[in-house]
Amino acid sequence: MGTSRLNASASDSWVSPTHQSRLRNLIDSQARLTLWFDRLFPDEFQVDGNRHFLEDLVPGYLQPGSLVYDVGGGKNPVVSRRIKADLGLSIVGLDIDNAELAAAPPGLYDQTVCADIVTYPGHGDADLVICQALLEHVRDTDRAISAISSILKPGGRALIFVPSRNAAYARLNLILPEAIKRRILYSVFPEMRKDHGFRAYYDRCTPSSFDRLAGRHGLTRESRRLYFTSGYFRFCLPLHAMWRVWLLLFRRLAGPEAAETFAVVLRKER
């Protein structure tokens, strides 16, 4: 959301099929070694933020009969058909890409809205807004948070998961040209061709910035979860090890601002 999906083609890879197979075997072996290496670090450095958000945080806020907005979910809604039916939820899918909304599993969205969250005028009717890994892709996070606030009814909550601007991969993402970035990403992680490729801006995507933005738009942070792991450097054990040691030091120096990703629960006061 916020930009059009980037097209991936065969030209995105610069190695032959044979070399791709060898590269994949090497990457897989490196990934196994990095998982072993990670056991040396504290438990908080091993929690997968995206998985925790989807499997632990979101389910705790789904109440029977609620009106839920899935902002930026597109073809991959956060709430499953079974959970929706069990709780009698009404779900509105809001995404900038109508094709993405149309590709969602039938029946999961009761209503779809094709709009940019940055400019969307909400109706103050939602019990819950879920926004997973979207806001790093918008140019103006302040306006996006304002729109999310406008969607919520008083007492409603927003559950937001965001990759942090301070993460090493985010800094590289901001520096590297898009074409080079795609070539590297799709060669190392070919499975990402399906659901990745949106340009990222990471505008004010840090824990402290989100606190300020929330307060500016009538939202109070009820809780926050910080995550200190990601998989972008698992293709190379030495690089992964250097990043891990840096992250441990960064955590001591910067506290919450060192998080790779974070999730916040925001409550609308009025």
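Residues numbered from 1 in each chain as written. Predicted model: local features only at pLDDT ≥ 70, side-chain atom pairs only at ≥ 80, totals over all residues. Heavy atoms only, no water.

**Student:** I'm lost on the packing of aromatic side chains in this one. Help?
**Tutor:** Aromatic rings in a pair are described by how distant their centres are and how their planes are angled relative to each other. A full pass over the atoms with the stated rule returns 9 aromatic pairs. With a centroid separation of 5.3 Å and an interplanar angle of 85 degrees, the aromatic rings of phenylalanine 210 and phenylalanine 262 are classed as edge-to-face. With phenylalanine 210 in helix 8 (residues 207-216) and phenylalanine 262 in strand 7 (residues 261-268), this residue pair connects regions lying 52 residues apart in the sequence. Taken together, Phe37, Phe41, Phe45 and Phe228 form an aromatic cluster joined through their ring pairs. (Phe/Tyr/Trp six-rings, centres within 6.5 Å; stacked < 30°, edge-to-face > 60°. Helix = DSSP H or I, 4+ residues; strand = E, 2+ residues; numbered from the N terminus.)

**Student:** Mind showing me how you'd approach the nonpolar core here?
**Tutor:** Counting residues in each nonpolar core, the largest one holds 50 residues, and the members touching the most others are Ile117, Leu135 and Ile160. Residue contributions to this core peak at 5 residues, all from helix 5 (residues 141-151). With 19 residues, the next largest nonpolar core counts Val58, Leu62, Val79 and Val265 among its residues. (Core = buried A, V, L, I, M, F, W, Y, C linked by side-chain atoms within 4.5 Å. Buried < 20%, exposed > 50% of the residue type's maximum accessible area, 1.4 Å probe, protein only.)

**Student:** I would appreciate a short explanation of helix 6 (residues 168-175) in the present structure.
**Tutor:** Note on helix geometry: an α-helix contains 3.6 residues per turn, so any two residues three or four positions apart are oriented the same way. Among the residues of helix 6, those classed as buried are Tyr169, Ala170 and Asn173. Buried residues along helix 6 cover an arc of 100 degrees about the axis, so they all sit on one side. (Arc of directions from axis to C-beta.)

**Student:** Mind showing me how you'd approach the sheet that holds strand 5 (residues 152-163) here?
**Tutor:** Strand pairs in the sheet, formed through backbone hydrogen bonds, run parallel or antiparallel to each other. Strand order across the open sheet formed by 7 strands is 3-2-1-4-5-7-6, with mixed pairing between neighbours. Both outer strands of the open sheet, strand 3 (111-114) and strand 6 (219-227), are each paired with one neighbouring strand and no more. Geometrically, the sheet is characterised by an average inter-axis angle of 15 degrees between neighbouring strands, direction not taken into account. Here 6 bridges tie strand 4 (residues 126-132) to strand 5, and the two strands are oriented parallel to one another. Pairing of isoleucine 130 across the sheet is with leucine 159, part of strand 5. Packing of helix 5 onto the sheet brings it into contact with strand 1 (67-71), strand 2 (90-95), strand 4, strand 5, strand 6 and strand 7, and relative to strand 5 it is tilted by some 145 degrees. (Pairing = 2+ DSSP bridges. Axes fitted to C-alpha atoms, helices over the stretch in contact; angles between N-to-C directions. Contact = heavy atoms within 4.5 Å.)

**Student:** Is there a simple way to think about the confidence of the model for the chain in this case?
**Tutor:** Low-pLDDT stretches of the model should not have their predicted coordinates read in fine detail. Per-residue pLDDT for the chain averages 89, and the proportion of residues at 70 or more is 86%. Overall, residues 1-14 carries pLDDT values under 50, and its contacts beyond four positions in sequence, including any with other chains, amount to 44 contacts. (pLDDT = per-residue confidence, 0-100.)

**Student:** For this particular structure, what's the right way to read the packing of helix 5 against helix 8?
**Tutor:** How two helices pack is summed up by the angle between their axes together with the distance between the axes. Interaxial distance between helix 5 and helix 8 falls to 9 Å at its minimum, and their mutual angle equals 50 degrees. Relative to helix 8, helix 5 is oriented oblique. Between helix 5 and helix 8 lies a crossing whose hand is right-handed. For the pair helix 5 and helix 8, contact is made by Thr141, Asp142 and Ile145 and by Phe210, Leu213, Ala214 and Arg216, respectively. (Parallel < 35°, antiparallel > 145°, perpendicular 65-115°, else oblique. Left-handed = near helix turned anticlockwise from the far one by under 90°.)

**Student:** Help me out: how do you make sense of a nonpolar patch on the surface in this one?
**Tutor:** Side chains of Trp246, Leu249 and Leu253 sit close together on the surface and give an oily, nonpolar patch of about 340 Å² of accessible area. Look at tryptophan 246 and you get partly exposed, because its relative accessible area is 41%. (Patch = residues over 30% accessible without salt bridge, like charges linked within 9 Å, V, L, I, M, F, W, Y side chains within 5 Å. Areas by Shrake-Rupley, 256 points an atom, 1.4 Å probe, with all protein chains shown as cover. Salt bridge = Lys/Arg side-chain N within 4 Å of Asp/Glu carboxyl O.)

**Student:** Any chance you could explain the environment of phenylalanine 250 here in plain terms?
**Tutor:** Structurally, phenylalanine 250 can be placed in helix 9 (residues 237-254). Non-local contacts of phenylalanine 250, meaning those with residues more than four positions away in its chain, are made with Asn166, Gly255, Glu257 and Ala258.

**Student:** How do you make sense of helix 2 (residues 49-57) when you look at a structure like this?
**Tutor:** All of the buried residues in helix 2 are Gly49, His52, Phe53 and Leu57. On an axial view of helix 2, the arc spanned by its buried residues comes to 100 degrees, and they lie on one face. Opposite the buried face of helix 2, by more than 90 degrees, sit the exposed residues Arg51 and Glu55. Those residues of helix 2 that are buried lie in contact with strand 4, strand 5, strand 6 and strand 7.

**Student:** Help me understand the side chain of threonine 34, please; the structure alone is not making it clear to me.
**Tutor:** Note on placement: threonine 34 falls in helix 1 (residues 17-38). Overall, the relative accessible area of 0% leaves threonine 34 in the buried class. Residue contacts for threonine 34: discarding those within four places in its chain leaves Arg234, Leu237 and His240.

**Student:** Is there a simple way to think about the pattern of salt bridges in this case?
**Tutor:** Side chains bearing opposite charge may pair, as long as their charged atoms lie close to each other. Going through the model one piece at a time under the given rule, you end up with 14 salt bridges. Across the salt bridge formed by lysine 153 and aspartate 127, the nearest N and O atoms sit 3.2 Å from each other. You can see lysine 153 sitting in strand 5 and its partner aspartate 127 sitting in strand 4, a full 26 residues away along the chain. For lysine 153, a relative accessible area of 29% puts it in the partly exposed group. Classification of aspartate 127 by relative accessible area gives partly exposed; the value is 27%. A salt bridge links aspartate 142 to arginine 216; the shortest N-O distance between them is 3.0 Å. Pair noted here: aspartate 142 is in helix 5 and arginine 216 is in helix 8, with a separation of 74 residues, a long-range link. In this structure aspartate 142 comes out as buried when scored by relative accessible area, which is 15%.

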